[in-house]
Amino acid sequence: MKRSIVWFKTDLRLNDNEVLFQAIAQSDEVIPIYCFDDAHFKTTEFGFKKTGNFRAQFLIESLIDLDKNLRAFGSGLIVVKGNPAIEICKLAQQFKVEKVFAKTEIAYEELLTQTKVENQLKKFNCHLETFASSTLYHPNDLPFSVKDTPNIFTDFRKIVERASTIRDIFPQPTQIKSPSIGSLNLPSLHELGLNDCVFDCRAAIEFKGGETEGNKRLNYYLSETHAIASYKETRNGMIGENYSSKFSAWLALGCLSPKIIYHAIKKYEAQYSSNESTYWLIFELLWRDFFVWMMSKYPVEFFKINGIKKTGFIFSKHNINLFERWKNGKTESDFINANMLELKLTGFMSNRGRQNVASYLCHDLKLDWRYGAAYFEEQLIDYDVSSNWCNWAYVAGVGNNPRGISIFNVEKQANDYDKNKSYRNLWLYNL
Ligand SMILES: Cc1cc2nc3c(=O)[nH]c(=O)nc-3n(C[C@H](O)[C@H](O)[C@H](O)COP(=O)(O)OP(=O)(O)OC[C@H]3O[C@@H](n4cnc5c(N)ncnc54)[C@H](O)[C@@H]3O)c2cc1C
């Protein structure tokens with residue numbers, strides 16, 4: 001009897017999940033597990049929780065959905081809480097497994113955890129096998145090694161689009177053989193040291209975690225509303241559910257994979273028509289891939305004040321008063337304040353808003369950008385280690401911006417993107 005553990009992390013789906021696919025193919029029985037890593041609920045050196053209420057709530061919903069979907073195929077999800085190196089090894093011994101299958105990590109802390117689990121498992125002759133399952137392009141299909149990945153997005157995109165193809169999706173399993181798995185046992189938000197989320201009816205969208213909801217959103221944005229057909233024109237919007245796809249939260253926890261989205265867009269294009277907008281969403285997914293490879297290339301540097309730049313970039317020191325005003329939407333700019341309130345009250349902010357508030361923190365307030373990134377890490381429902389830290393470094397001028405630094409004129413941006421003040425009125429005066 002060959003038994004394996006499937007260690008779910010930020011790949012909370014059955015469809016297009018190579019980790020699950022390979023585990024089933026190589027084992028007689030699989031044991032799906034999720035470990036609430038205590039480290040993910042600690043306070044960081046910047047003074048923020050690594051995971052805030054909104055993302056934790058979305059995670060819990062995603063795990064409920066994953067368990068339900070696994071049970072439909074005869075399996076279920078075991079949930080543990082603690083240090084993965086200890087908890088996963090305990091389960092590996094308990095179920096006498098030969099292998100643990102998991103997603104490959106690339107960022108510093110995640111890699112460290114992966115290595116600790118791997119080393120601990122080795123002591124019991126158990127092997128950790130990982131698969132790169134979170135990007136649009138598979139790393140083996142890139143025409144360059146990680147260390148030679150171009151540092152400029154356009155160079156990266158042109159080479160990849162010319163030389164690489166996107167793989168098919170891994171089919172959803174038809175049967176999952178597992179030993180008997182008891183009913184799902186999840187920690188509450190309070191047990192995680194967090195509070196209940198209150199839904200703000202002004203939120204752009206009511207995010208609900210899970211693969212089922214991710215697929216619903218995908219169908220809604222494509223064939224139900226055809227919002228995708230005008231994405232390029234609307235993507236800089238700030239109000240409402242359809243100015244952009246809102247796929248980010250489901251992508252961040254792996255309820256959707258970028259390949260699932262890509263193939264759904266291709267199907268949409270074949271059925272209806274392709275245009276600049278349908279391409280542009282794939283273009284944006286390439287930004288996501290780009291930052292994954294950048295994080296892979298510089299797994300430590302993106303968390304340092306000078307980012308990937310060798311020459312120092314001088315920022316003012318952290319100033320708690322100025323920072324708190326930024327965080328709580330009490331700066332001198334009503335445009336920044338409206339965006340920061342949206343983030344605080346909903347866990348989401350548009351891309352336009354994120355660029356502006358980040359630029360304002362770095363270049364107007366001249367604060368250490370890493371505090372902004374750490375606050376986003378706590379607060380964002382769609383927090384993703386590469387997308388967050390690489391975008392922050394980009395705006396701060398210590399990342400992949402080929403122009404060095406681009407400073408946003410927030411007043412001009414407010415006039416261009418919120419001319420009639422509807423966005424500001426929504427968040428500042430419509431309490
Ligand atoms: C300072 C800052 C921090 C950010 N932090 C995160 C983060 O933690 N997690 C996150 O997913 N995105 C982050 N982004 C990128 C972007 O703002 C969000 O992906 C986007 O706003 C999510 O909304 P959407 O899914 O409707 O995007 P859409 O416009 O519909 O884009 C579709 C998808 O493309 C990808 N994408 C789009 N823009 C970017 C980008 N600039 N970088 C990487 N991927 C992109 C996302 O996966 C997104 O879901 C950040 C941007 C900035 C400027």
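It should be noted that the structure appears before, not after, this text.
Residues numbered from 1 in each chain as written. Predicted model: local features only at pLDDT ≥ 70, side-chain atom pairs only at ≥ 80, totals over all residues. Heavy atoms only, no water.

(A) Quick peek at the pattern of salt bridges. If you walk through the whole model with that rule in mind, you get 25 salt bridges. We note a salt bridge from Asp38 to Lys81, for which the minimum N-O separation is 3.1 Å. Of this pair, Asp38 sits in the loop between β2 (29-37) and α2 (53-72) while Lys81 sits in strand β3 (residues 78-82), placing them 43 residues apart in sequence. Taking relative accessible area as the criterion, Lys81 reaches 39% and is therefore assigned partly exposed. (Salt bridge = Lys/Arg side-chain N within 4 Å of Asp/Glu carboxyl O. Helix = DSSP H or I, 4+ residues; strand = E, 2+ residues; numbered from the N terminus. Buried < 20%, exposed > 50% of the residue type's maximum accessible area, 1.4 Å probe, protein only.)

(B) Quick look at unusual backbone geometry. Positive phi, normally seen in glycine, also occurs at Lys96, with a value near 50 degrees. Here Lys96 shows up in the loop between α3 (84-94) and β4 (99-103).

(C) Main features of the sheet that holds β4. Taken in spatial order, the five strands of this open sheet run β3-β2-β1-β4-β5, and their pairing is parallel. In the strand order of this sheet, the two ends are held by β3 and β5 (127-131), each with one partner. Going from strand to strand, the sheet's axes swing by 30 degrees on average, the running direction of each strand aside. Pairing geometry for strand β1 (residues 3-8) and β2, over six bridges, is parallel. Within the sheet, the bridge partner assigned to Val6 lies in β2 and is Pro32. On the sheet, helix α4 (residues 108-122) packs against β1, β2, β4 and β5 and is oriented at approximately 150 degrees with respect to β5. (Pairing = 2+ DSSP bridges. Axes fitted to C-alpha atoms, helices over the stretch in contact; angles between N-to-C directions. Contact = heavy atoms within 4.5 Å.)

(D) A look at the packing of aromatic side chains. Evaluated as defined, the whole model comprises 36 aromatic pairs. Cluster of aromatic residues (ring-pair linked, three or more members): Phe46, Phe48, Phe303, Phe323, Trp326, Trp369, Tyr371, Tyr375, Phe376, Trp389 and Trp392. The aromatic ring of Tyr243 is capped on one face by Lys246, whose charged end is 3.5 Å from the ring centroid. The cationic tip of Arg352 hangs over the ring face of Tyr417; the distance from NZ or CZ to the ring centre is 4.2 Å. (Phe/Tyr/Trp six-rings, centres within 6.5 Å; stacked < 30°, edge-to-face > 60°. Lys NZ or Arg CZ within 6 Å of the ring centre and 35° of its normal.)

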